[in-house]
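# Structural overview for review
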Amino acid sequence: MSQQFLVVRGQIEEGKKVLAKQGSPFTPRNKEEQERLLASGVIAPVIDPEEELLDDDGDDDQRGDDEQQQTPAQPDGDASPAKPVTTKRPRK
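Residues numbered from 1 in each chain as written. Predicted model: local features only at pLDDT ≥ 70, side-chain atom pairs only at ≥ 80, totals over all residues. Heavy atoms only, no water.

## Considering the nonpolar core
Note on soluble globular proteins: their nonpolar side chains tend to be buried together. Formed by Phe5, Val7, Ile12, Ala20, Phe26, Leu37, Val42 and Ile43, the largest nonpolar core amounts to 8 residues. Apart from residues no more than four positions distant in its own chain, Ile43 is found in contact with Phe5, Leu6, Val7, Val8, Ile12, Phe26, Pro28, Gln34, Leu37 and Leu38. (Core = buried A, V, L, I, M, F, W, Y, C linked by side-chain atoms within 4.5 Å. Buried < 20%, exposed > 50% of the residue type's maximum accessible area, 1.4 Å probe, protein only. Contact = heavy atoms within 4.5 Å.)

Take a look at the structure:
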């Protein structure tokens, strides 16, 4: 199966004819056209969600709810995010 692309910016035209508008699928005619449109940010590859979850070994990289990263609670039990610490530089 060939790589699928989506128009993510502007539209693709041939003369006055519009070949694909933003949000539409598009298949480049050749490798040069594909590279040019990718480099200019006009098209982006469509990634199959199932393929995205698989790594090179073919193992499922999906995590269960219990393995999701959570922000640790503050030492006093407050779950609010920590405030940034400001430091002052000594004057020269």
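## Regarding a nonpolar patch on the surface
A surface patch of nonpolar side chains, amounting to about 200 Å² of accessible area, comprises Leu6, Val8 and Val46. Here Val8 lies in the loop between β1 (5–7) and β2 (11–14). Judged by its relative accessible area of 37%, Val8 falls in the partly exposed class. (Patch = residues over 30% accessible without salt bridge, like charges linked within 9 Å, V, L, I, M, F, W, Y side chains within 5 Å. Areas by Shrake-Rupley, 256 points an atom, 1.4 Å probe, with all protein chains shown as cover. Salt bridge = Lys/Arg side-chain N within 4 Å of Asp/Glu carboxyl O. Helix = DSSP H or I, 4+ residues; strand = E, 2+ residues; numbered from the N terminus.)

## Here we look at the environment of Gly23
With respect to the secondary-structure elements, Gly23 resides in the loop between β3 (17–21) and β4 (25–26). Taking C-alpha positions, Gly23 is 8.9 Å from Gln11, a pair spaced 12 residues apart along the chain. Among residues more than four places away in sequence, those in contact with Gly23 are Leu6 and Val7.

## Focus: the pairing of β2
Bridge analysis of β2 against β3 gives 4 bridges, and the strand direction is antiparallel. If you follow Glu14 over to β3, its bridge partner there is Lys17. Counting the residues that bridge the hairpin from β2 to β3 gives 2 residues, and of these Gly15 lies at a positive phi of roughly 65°. (Pairing = 2+ DSSP bridges.)

## What to know about the sheet that holds β4
Adjacent strands of a sheet pair through backbone hydrogen bonds, lying either parallel or antiparallel. Strand order in the open sheet made by the 3 strands is β4-β1-β5, with antiparallel pairing throughout. With one partner strand each, in any of the chains shown, β4 and β5 (43–45) form the two edges of the open sheet. Note: β1 against β4, 2 bridges, orientation antiparallel. Counted as the bridge partner of Phe5 is Phe26 from β4.

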